[in-house]
Amino acid sequence: MTVSRAQAIATFAALIAVTLATSAMVPAPVVPVPVAATGSAPGVAAEPVTLDWKTMAALNYRTGEMPESLRKLNGVLVRVPGFMVPLEDTETRVTEFLLVPYFGACIHVPPPPPNQMAHVLMLKGQQVDVNLWDPIWIVGTLKIENVESPYGMVGYQVTGQRIEPYEG
């Protein structure tokens, strides 16, 4: 497939526009949902807690130290924005992928630090469409634990229930 110079420039300009637009993503602050207020079973929130990358960056991936506000989210249903990095380049639907905070992470550049990557494994082998270009929300149960990936150490695991288009 031959790509004209004009097509290449247009694609590059679109990538820059998406990157600039999504670099300003400011997710809602993390607010733990009190279990008693939701009427849910102990330890299960009815609505996911929105978690941002700034909060996730507070994890010291070398020592495991973290603020209590982050520790309380271990095992909780969360909603995290980011970009999908599939672990199998040839697939159009996947059951696992990395979630990263910015477009292009892990692609021909050094990967983000472990506290800025989440390994997502979809619940019950559910397949989701690969989306390389647009930001998404992953909704799932957070586990704060280092995992080895093809891109290095990852500081978080998410058992994904669903993905949603990012709407800021």
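What counts and how
- Residues numbered from 1 in each chain as written.
- Predicted model: local features only at pLDDT ≥ 70, side-chain atom pairs only at ≥ 80, totals over all residues.
- Heavy atoms only, no water.
- Phe/Tyr/Trp six-rings, centres within 6.5 Å; stacked < 30°, edge-to-face > 60°.
- Helix = DSSP H or I, 4+ residues; strand = E, 2+ residues; numbered from the N terminus.
- Buried < 20%, exposed > 50% of the residue type's maximum accessible area, 1.4 Å probe, protein only.
- Contact = heavy atoms within 4.5 Å.
- Salt bridge = Lys/Arg side-chain N within 4 Å of Asp/Glu carboxyl O.

Caption draft 1: Focus on the packing of aromatic side chains. Here the structure, examined in full by the defined rule, presents three aromatic pairs. Ring geometry for phenylalanine 83 against phenylalanine 103: centres 5.9 Å apart, planes inclined by 75°, an arrangement best described as edge-to-face. Within this pair, whereas phenylalanine 83 is found in strand S2 (residues 77–86), its partner phenylalanine 103 is found in the loop between strand S4 (96–100) and strand S5 (118–122), the two being separated by 20 residues in sequence. Each member of the pair, phenylalanine 83 together with phenylalanine 103, is buried.

Caption draft 2: Spotlight on unusual backbone geometry. Phi angles above zero are rare outside glycine, and lysine 124 is one such case at about 55°. Inspection of the secondary structure puts lysine 124 in the loop between S5 and strand S6 (128–129). With relative accessibility at 81%, the residue lysine 124 sits in the exposed group.

Caption draft 3: Summary view of the side chain of glutamine 116. Of note, glutamine 116 is situated in the loop between S4 and S5. Beyond its immediate sequence surroundings of up to four residues, glutamine 116 is in contact with Trp53, Met56, Ala57, Leu99, Val100 and Pro101.

Caption draft 4: Structural detail: the pattern of salt bridges. Per the counting criterion, the structure on display carries five salt bridges. We note a salt bridge from arginine 71 to glutamate 68, for which the minimum N-O separation is 3.6 Å. Linking arginine 71 with glutamate 68, this pair stays in helix H4 (residues 68–71), spanning three residues, or about one helical turn. The exposure class assigned to arginine 71 is partly exposed, which follows from its relative accessible area of 42%. Among the residues examined, glutamate 68 registers a relative accessible area of 46% and is labelled partly exposed. With a shortest N-O distance of 2.7 Å, glutamate 164 and arginine 162 are connected by a salt bridge.

None of this, on its own, says anything about what the molecule does.
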